[in-house]
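Descriptive analysis of the structure
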Amino acid sequence: MKDVPMQLPMKDRFHLPEGMIYLDGNSLGPLPRDVPDHLSRMVTDEWGAHLIKAWNVDDWMGQPMRVGNQVGRLVGAPEGSITMGDTLSIKVYQALSAALQLRPDRRVILSDSGNFPSDLYMAQGLIAHLNAGHELRVVAPEEVAGAMTDDVAVAMITQVDYRSGRMHDMEGITKAAHAAGAVMLWDLAHSAGAVPVDLAASACEFAVGCTYKYLNGGPGAPAFIYVRPDLIGGIDPALSGWLGHDAPFAFEPSYRPAPDIERMRVGTPPVLQLSALEAALRVWDSVDMQHLRDRSIALSELFIAEVEARCPALTLASPRDPALRGSQVSFAFEYGYAAMQALIARDVIGDFRAPDIMRFGFTPLYLDESDVRRAVDVLADVLDNRLWDNPDYKQAGRVT
Ligand SMILES: *Cc1c(COP(=O)(O)O)cnc(C)c1O
């Protein structure tokens with residue numbers, strides 16, 4: 001049941017360090033205030049007090065389905081069509097393998113050059129492992145719909161480009177894939193919790209995504225996988241772990257998949273992470289996704305206008321039309337890495353993606369216009385006074 005829609009932002013639902021402007025919720029969402037108490041109670045009352053009994057009495061076993069339904073409500077998936085677990089890379093592998101099974105006479109995996117490398121790497125690994133002549137065909141993002149030739153088995157596309165924020169037309173591309181007889185696999189890493197998504201309406205076969213970005217599930221939060229309900233019964237899971245078995249506790253010698261989405265589970269679920277996520281997702285009970293999208297566009301448009309007016313050294317690297325962007329804005333700058341370090345040192349947190357992209361995420365759950373204006377004040381100061389030109393800001397850490 002939905003609560004009355006909330007006006008955004010709802011800053012008091014998050015723990016945000018005093019004075020910090022956090023423009024990186026597209027990479028790691030902040031800590032929702034509900035999480036620490038929930039997690040602490042869960043650890044003490046369930047793990048601590050119930051130990052092994054908690055799998056039944058606290059329904060740890062049902063968690064992946066329960067949380068999957070919570071995520072499903074945010075991406076237009078029917079009840080029972082999403083399960084949780086593992087990382088997004090693993091879920092990409094599972095979905096891709098299942099998609100190829102649906103088109104045994106085709107050999108091409110179509111993707112685009114804006115996709116996140118891990119998705120492409122997983123495809124490369126799967127192709128090598130299958131050793132059956134498959135090919136990963138990577139085209140420019142603008143060319144995806146036109147590249148649906150009749151040899152394409154599956155189109156594996158990330159809806160929102162992690163670098164540029166460019167957003168694909170989910171409905172149009174899915175239609176093009178289906179018209180060519182291809183299977184459609186969407187990666188919603190930068191969509192879930194960022195833009196309205198309607199998986200059921202899109203009729204795509206598969207979708208995957210992560211929950212530590214806009215869904216605020218915390219570092220290492222589990223991924224999700226959606227399989228269109230009419231297809232699940234015919235899928236042979238590539239990762240045939242015991243918790244995807246129809247009767248894990250029968251300990252049968254042979255694998256026999258569960259009849260439903262549970263067959264996409266692999267092994268023991270990350271119970272603590274799922275508990276954190278379950279609490280984090282409560283924030284969304286009162287959020288209207290269209291209102292969130294409107295706010296995201298308002299904040300991003302303000303940011304672009306202010307940066308272009310005050311920081312001429314930066315070049316917009318995202319589509320100018322807000323309808324073609326997700327919830328992030330990128331600017332190219334030759335000294336982008338050092339400039340981002342200078343911003344971070346001043347408590348304005350964005351991130352950097354090679355070779356020269358300064359990336360800013362706009363999450364209307366906890367950001368408003370005054371945050372955007374203050375962030376641009378700091379950015380203009382960094383650029384006008386060359387504050388980035390400091391050896392301390394040029395040392396790249398392991399994680400950028
Ligand atoms: C963030 C992201 C990933 C990360 O995968 P993990 O396995 O969770 O580390 C993969 N693909 C895309 C498109 C992403 O944006």
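Residues numbered from 1 in each chain as written. Predicted model: local features only at pLDDT ≥ 70, side-chain atom pairs only at ≥ 80, totals over all residues. Heavy atoms only, no water.

1. Examining the overall build of the protein
A count of helices and strands for the protein gives eleven helices and 15 strands. Relative to the compact-globule value of 21 Å for 400 residues, the protein shows a C-alpha radius of gyration of 22 Å, a close match. Expressed along its principal axes, the backbone C-alpha trace of the protein runs to roughly 70 × 55 × 40 Å. Burial statistics for the protein: of 400 residues in total, 55% are counted as buried. A separation of at least 24 residues holds for 72% of the contacts in the protein among residues at least 6 apart in sequence. Element-wise, carbon and sulfur atoms account for 54% of the exposed surface of the protein, whose accessible area totals about 16,700 Å². Measuring between centres, the 35 positive side-chain charges of the protein sit 1 Å from its 52 negative side-chain charges. (Helix = DSSP H or I, 4+ residues; strand = E, 2+ residues; numbered from the N terminus. Rg over C-alpha atoms; globule rule 2.2 N^0.38 Å. Buried < 20%, exposed > 50% of the residue type's maximum accessible area, 1.4 Å probe, protein only. Contact = heavy atoms within 4.5 Å. Areas by Shrake-Rupley, 256 points an atom, 1.4 Å probe, with all protein chains shown as cover. Lys, Arg positive; Asp, Glu negative; His and termini not counted. Charge placed at Lys NZ, Arg CZ, Asp CG, Glu CD.)

2. With respect to the site of the ligand
The full set of residues close to the ligand is T87, L88, S89, F116, D119, T158, D187, A189, H190, Y212 and K213. Contacts to the ligand include S89, whose side-chain N or O atom sits 2.6 Å from an oxygen atom. Contact distances for the ligand include 2.6 Å between an oxygen atom and a side-chain N or O atom of K213. For the ligand, the accessible surface in isolation is 390 Å², of which the surrounding protein chains cover 86%. Its residues placed into classes, the shell around the ligand shows four nonpolar, four polar and three charged. (Near = heavy atom within 4 Å. Polar contact = N/O pair within 3.5 Å; in protein donor to acceptor, adjacent residues only side chain to side chain. Nonpolar A, V, L, I, M, F, W, Y, C, P; charged D, E, K, R; others polar.)

3. A look at the side chain of R359
When you line up the elements, R359 lands in strand β15 (residues 357-361). At 2.8 Å, the side chain of R359 and the backbone oxygen of Y162 are in polar contact. A distance of 2.7 Å separates a polar atom in the side chain of R359 from a polar atom in the side chain of D351.

4. Focus on the sheet that holds strand β5 (residues 108-112)
Pairing is mixed across the open sheet formed by seven strands, whose spatial order is β4-β10-β9-β8-β7-β5-β6. Two strands bound the open sheet, and with one partner strand each, they are β4 (82-85) and β6 (135-139). For this sheet, the mean angle separating the axes of adjacent strands, direction not counted, is 20°. (Pairing = 2+ DSSP bridges. Axes fitted to C-alpha atoms, helices over the stretch in contact; angles between N-to-C directions.)

5. Some details on the side chain of S202
Here S202 shows up in helix α7 (residues 199-202). Within the local environment of S202, its side chain forms a polar contact with the backbone nitrogen of C204, the two atoms lying 3.1 Å apart. Once you skip the residues sitting within four places of it in the chain, S202 turns out to touch M170 and T174.

6. As for the sheet that holds β15
Strand order in this open sheet of four strands is β11-β12-β15-β14, and the pairing throughout is antiparallel. The open sheet has two edge strands with one neighbour each: β11 (315-316) and β14 (351-353). Sheet strands touched by helix α9 (residues 289-310): β11, β12 (328-332) and β15. Its angle to β12, the strand with the most contacts, is close to 20°. Helix α10 (residues 336-345) rests against β14 and β15 of the sheet, and its axis sits at about 40° to β15.

7. Some points on empty space enclosed by the protein
Under the definition given, this model contains two cavities of 30 Å³ or more. For the largest cavity, the calculated volume is near 60 Å³. Lining the largest cavity are G193, A194, Y214, N216, W284, L292, S327, F362, T363, P364, L365 and Y366. The class makeup of the residues in the lining of the largest cavity is eight nonpolar, four polar and no charged. Approximately 40 Å³ is the volume found for the second largest cavity. Around the second largest cavity, the lining residues are D112, G114, N115, P141, T158, Q159, D161, R166 and H168. A per-class count over the lining of the second largest cavity returns one nonpolar, five polar and three charged. (1 Å grid on protein atoms, 1.4 Å probe; cavity = no way out; pocket = protein on both sides within 12 Å on 5 of 7 lines; lining within 4 Å. Points joined across faces, edges and corners; volume = space filled by probe spheres on them.)

8. Some words on α10
A large share of α10 lies buried, amounting to seven of its ten residues. If you check which residues of α10 are buried, you get G336, Y337, A338, A339, M340, A342 and L343. Those residues of α10 hidden inside the fold are in contact with β13 (348-349), β14, β15 and α11 (369-384). Positive phi shows up at D347, right after α10, with a value of about 70°.

9. With respect to the packing of α9 against α11
Look at α9 against α11: their axes get within 10 Å of each other, and the N-to-C directions meet at 25°. It follows that α9 is roughly parallel to α11 by the angle criterion. Considering how the two elements wind past one another, α9 and α11 form a crossing that is right-handed. Of α11, the residues touching α9 (which contributes R295, A298, L299, L302, F303, E306, V307 and R310) are E369, V372, R373, V376, D377, L379, A380 and D384. (Parallel < 35°, antiparallel > 145°, perpendicular 65-115°, else oblique. Left-handed = near helix turned anticlockwise from the far one by under 90°.)

In short, geometric facts, not functional conclusions.
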